[in-house]
Amino acid sequence: MKAIVFVKEVPETPEGVSVSENGQVQAAGGGNFLTDPIDPFAIETALQIKDAKGGEVHAVTAGNSRAEKILKEALAMGVDNSYLVADDALEGSDPNAIARVLAGAAKKIGDYDLLVTGDRAADDNSSIVTAALAQLLDIPVLTFVSEVVDFDADAKKIRVVRTLENGRQVMEATLPAVISVMKGIHEPRYPSLLGIRKASKREVPSWSLADIGVDPSTVGAAGSPTKIRSLDPPPAPSGVEMITGSPEEMAATLVQRIMDKKVL
Amino acid sequence: MSKTIWVVAQRGESGISRTTKEILGKAKELAGDGGAVAGIYCGASKDGVAEGLQAAGASQVVLMVDPKLDTYVAETYTSALGALARDRKPDVILIPGTLNGKELAASLAASLDGGAVQDCTHLDWDGDVLVGTRAFFGGNLTATVENRSSGPKIFSVKPKAFPLPADGAGGGGDVEEVAPELPASARTTVVEFLADEGKTVNLIDANVIVSGGRGLGDPEGFEIVNDLAAALGGAVGASRAVVDAGWIPYAHQVGQTGKTVKPKLYIACGISGAIQHLAGMRTSDNIVAINKDENAPIFKVAHYGLVGDVFEIVPELTKKFKEALQG
Ligand SMILES: Cc1cc2nc3c(=O)[nH]c(=O)nc-3n(C[C@H](O)[C@H](O)[C@H](O)COP(=O)(O)OP(=O)(O)OC[C@H]3O[C@@H](n4cnc5c(N)ncnc54)[C@H](O)[C@@H]3O)c2cc1C
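None of the values given here were measured: they were computed from a predicted structure.

## Structural notes on the domain arrangement of chain B
Residue and element names in this part refer to chain B.
Point 1. Considered domain by domain, chain B is made up of domain 1 (4-177) and domain 2 (208-326).
Point 2. Taken together, the contacts link five residues of domain 1 with six residues of domain 2.
Point 3. Both sides of the domain 1 and domain 2 interface together cover about 500 Å² of buried area, and 49% of this is carbon and sulfur.
Point 4. Its largest share of buried area at the contact with domain 2, domain 1 owes to G138, N140 and K160, together 69% of the area lost on that side.
Point 5. The tally of links from domain 1 across to domain 2 stands at zero salt bridges.
Point 6. Classifying every residue of the side of domain 1 that touches domain 2 by side-chain character gives no nonpolar, three polar and two charged.

Now the structure itself:
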């Protein structure tokens, strides 16, 4: 079994996050970036399949050299190898373009059975990469997975539960396939001290776009089909009316307001 | 300016879903004079679909009916819609922003060499460029995103982003049946669907949501919230703190890592209003906050604030709403 997990760095908080002229999301004052909180769930999912069935797990991210940090965290959790795609031409890539880059990295690693991502990135919240990857690699996709019921590397099949708005859907796909996992699918393991120490000594190979056979004109600010024009604070609230009095009086006043507004 | 706008139809309880209708209403505005709004449907049965699409404003209807399209699956729907789009080249494709709808938007965009913008709550032309507005970073920021794909510009649209069009807004135009282009073999299959029990957890469609937080003290505290929700015919929501504490299932969670809701009335009981909670409810039409701490951040987004003990105020509200609604 060979799995590839796609991880991503995100700004530590939304405070001070902005977008550059070419559509690149930036943290305040070059601020702190962390592993996306969803990624440990994706890594854990792949590691549990490896623990049960044997095989190897690889982690990949696309960005700049700063992202080496999150790849070392993946190594510390127990993935076998981490790869960084770093290229100046990536600046300003939207999620649709990032999917092209990750598809290139998956092909470079080759021979995969399973690709795993988080169900939505903490910053962008787009849920685009997973399904786009499936199209680009011509493999099945299962998004919003809350449970892997069965992984059969011999029969080349995976069975999962997806949690949708109004219920749970059990689905099966042939391998190779790409899945996105939801928070809570498993409790992610903590890296051991030994794992952290070993990871700190590992080299993380860095690939350029040329290394993975991706045409730079299809990514970055110019090659991305969408572009964030601006990031703004949400509209200011209209102002609160504080309702006072005894609990009974407050209740009476509020009910009056709501009835008058014909909300119900 | 006149444009051709496709709206991908989703099934609803009768005919097409509410979100599909909302999007059709918006599409008509975006298409402009002389533009076309086409309702595009994939499914196994066409009962009530064309009528529903027309009534909500579609000036054209395309039905792709095949047993293989019975349940949404990314591969089959992408194949059918992708082939049609390559053939007919619409300017814009709008898709209801459910979880499946978002998967489809991303998949279809990649198959057409373009890009998708997800979860839009506004859509506006800036000259010839269609620009979507969407929540970013769990609603802590609002992103304005342009779609400059060379082919169709794909957007998924959040439920309740746009008002329902008046019934009969429709164009009553052509209904056409097209044989869908489908993959030779199915690599993905739906084994079964286990519907959530009860309707109480349908937060997305609820007009009224009464939510409880840690201020309820313990799981039994939810009784007053359940009672108020029942009196208002609403759904019960919750903060993550009480979901994590095991007081109520995750399906009720509102916020950045739960559901994003936009009811007509949202009543927060004993919820402090952490930024991650606000991310999921701040665009509700009317927000009522009940909290004993007058400095709780929830009051910053509320329209009506009641400072006091939930156990004293909420049962009074239940009583008074019942009286008012019966009267
Ligand atoms: C990455 C991340 C994601 C998160 N996602 C979510 C999310 O999706 N949804 C979410 O809700 N949270 C989320 N959180 C958690 C969030 O930060 C808060 O911890 C949580 O919302 C607090 O829940 P609460 O308001 O119920 O509890 P508290 O913050 O403890 O507030 C309880 C409130 O009840 C009031 N109170 C107490 N007793 C009474 C009484 N008798 N009468 C009236 N008022 C009373 C108190 O004054 C207080 O304001 C997330 C956090 C992180 C880090």
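## Focus on the interface of chain A and chain B
Point 1. Of the residues lining the interface, 74 residues belong to chain A; the matching set on chain B comes to 80 residues.
Point 2. Both sides of the chain A and chain B interface together cover about 6,700 Å² of buried area, and 59% of this is carbon and sulfur.
Point 3. Taken together, the links from chain A to chain B amount to six salt bridges.
Point 4. For E248 of chain A, the salt bridge identified is with K320 of chain B, shortest N-O distance 3.6 Å.
Point 5. Only α3 (95-109), α4 (129-137), β9 (141-152), β10 (157-164), β11 (167-174), β14 (226-232), β15 (241-243) and α7 (247-260) of chain A provide two or more residues apiece to the side of chain A that touches chain B.
Point 6. Classifying every residue of the side of chain A that touches chain B gives 39 nonpolar, 17 polar and 18 charged.
Point 7. Bridge count for β14 of chain A against strand β7 (residues 141-147) of chain B is six bridges, and the pairing is antiparallel. Within β7 of chain B, the residue paired with S230 of chain A across the bridge is T144 of chain B.

## Topic: the pattern of salt bridges
Point 1. With the rule as written, the count across this model stands at 29 salt bridges over all chains.
Point 2. With a closest N to O distance of 3.9 Å, D119 of chain B and K158 of chain B form a salt bridge. Within this pair, whereas D119 of chain B is found in strand β5 (residues 116-126), its partner K158 of chain B is found in the loop between β8 (153-157) and β9 (174-177), the two being separated by 39 residues in sequence.
Point 3. Under the relative-accessibility criterion, D119 of chain B is labelled buried at 9%.
Point 4. Residues joined by salt bridges that share partners form a network here, namely R229 of chain A together with D126, E146 and R148 of chain B.

## Thoughts on the site of the ligand
Residue and element names in this part refer to chain B.
Point 1. In the vicinity of the ligand, 24 residues are found, and the nearest of them are R214, S239, T257, S272 and N291.
Point 2. A distance of 2.8 Å separates an oxygen atom of the ligand from a polar side-chain atom of Q276.
Point 3. Take K292: an N or O atom from its main chain is 3.1 Å from a nitrogen atom of the ligand.
Point 4. Within the complex, the protein chains bury 77% of what would otherwise be the 990 Å² of accessible surface of the ligand.
Point 5. At the level of secondary structure, the elements contributing two or more residues to the shell around the ligand comprise α6 (240-244) and α7 (275-278).

## Thoughts on helix α1 (residues 18-31) of chain B
Residue and element names in this part refer to chain B.
Point 1. In this model, α1 (14 residues) spans 20 Å end to end at C-alpha, consistent with the 20 Å of a helix rising 1.5 Å per residue.
Point 2. Residues of α1 that are buried include every one of T19, T20, E22, I23, L24, K26, A27, L30 and A31, and no others.
Point 3. Looking at the residues trailing α1, positive phi occurs at G32, about 75°.

## Some points on the nonpolar core
Point 1. Counting 60 residues, the largest nonpolar core has V60, V85 and L115 of chain A together with M64, I93 and I154 of chain B as the members making the most contacts within it.
Point 2. Those residues in contact with I93 of chain B that sit more than four places away from it in its chain are W6, V8, A85, L108, L112, P152, K153, I154 and F155 of chain B.
Point 3. One finds V57, A74, L75 and A173 of chain A within the second-largest nonpolar core, a separate group that totals 39 residues.

## Some points on a negative patch on the surface
Point 1. The grouping of D218, E220, E223 and D227 of chain B at the surface amounts to a negative patch.
Point 2. Structurally, D227 of chain B can be placed in helix α5 (residues 222-232).

## Considerations on the sheet that holds β15 of chain A
Point 1. Spatially, β15(A)-β15(B)-β14(B)-β13(B)-β11(B)-β12(B) is the arrangement adopted by the six strands of the open sheet, whose pairing is parallel. At either end of the open sheet lies a strand with only one pairing partner, and these are β15 of chain A together with β12 (235-238) of chain B. Sheet twist, expressed as the mean angle between neighbouring strand axes with direction ignored, is 20°.
Point 2. Across three bridges, the pairing between β15 of chain A and strand β15 (residues 304-307) of chain B is parallel. Counted as the bridge partner of E241 of chain A is Y304 of chain B from β15 of chain B.
Point 3. Packed onto the sheet, α7 of chain A meets β15 of chain A together with β13 (265-269), β14 (286-291) and β15 of chain B and runs at close to 170° relative to β15 of chain B.
Point 4. Seen against the sheet, helix α9 (residues 310-326) of chain B touches β13, β14 and β15 of chain B and runs at an angle of roughly 140° to β14 of chain B.

What counts, and where the lines are drawn
By convention here, each chain's residues receive numbers from 1 onward along its written sequence. To label them, take the chains in the order written and letter them from A, then take the ligands in the order written and number them from 1. Residues qualify for local features only when their pLDDT is at least 70, as the model is predicted, and side-chain atom pairs are given and counted only at 80 or more; totals for whole chains, interfaces and linings, by contrast, use all residues. To get the side-chain values, all heavy atoms of the structure are used, and hydrogens and water are removed first. For the domain bounds, the source is a domain assignment made automatically or taken from a database. In this analysis, two residues are considered to be in contact whenever any of their non-hydrogen atoms come within 4.5 Å of each other. Defined in terms of a 1.4 Å probe, buried area is the accessible area two parts forfeit on being brought together, summed over both. In what follows, salt bridge is the name for a side-chain nitrogen of Lys or Arg lying within 4 Å of a carboxyl oxygen of Asp or Glu. Polarity classes work like this: nonpolar for Ala, Val, Leu, Ile, Met, Phe, Trp, Tyr, Cys and Pro, charged for Asp, Glu, Lys and Arg, and polar for all others, with Gly in that last group. Strands are runs of DSSP state E lasting at least two residues, helices are runs of H or I lasting at least four, and both sets are numbered from the N terminus onward. DSSP calls a pair of strands paired once it identifies at least 2 bridges connecting them. Working definition: with a 1.4 Å probe on protein chains only, accessible area under 20% of the residue-type maximum means buried, over 50% means exposed, and in between means partly exposed. Residues are classed as near a molecule or strand on a simple rule: at least one heavy atom within 4 Å of it. Counted as a polar contact is a pair of N or O atoms within 3.5 Å, where, for protein atoms, one must be capable of donating a hydrogen and the other of accepting one, and residues adjacent in sequence contribute only when both atoms are in side chains. Method for areas: the Shrake-Rupley scheme with a 1.4 Å probe, in which residue coverage is limited to the protein chains shown. An expected span of 1.5 Å times one less than the residue number is assigned to each helix. Here, nonpolar core means buried Ala, Val, Leu, Ile, Met, Phe, Trp, Tyr and Cys residues that are tied together by side-chain atoms lying within 4.5 Å of each other. Nonpolar side chains (Val, Leu, Ile, Met, Phe, Trp, Tyr) within 5 Å and like charges within 9 Å form the patches, drawn only from residues with over 30% relative accessible area and no salt bridge. The convention is simple: Lys and Arg are positive, Asp and Glu are negative, and His and the chain ends are not counted. A charged residue contributes its charge at one atom only: NZ of Lys, CZ of Arg, CG of Asp or CD of Glu. Inter-axis angles, ranging from 0 to 180 degrees, are taken between N-to-C directions of lines fitted to C-alpha atoms, where helices are fitted over the stretch in contact.

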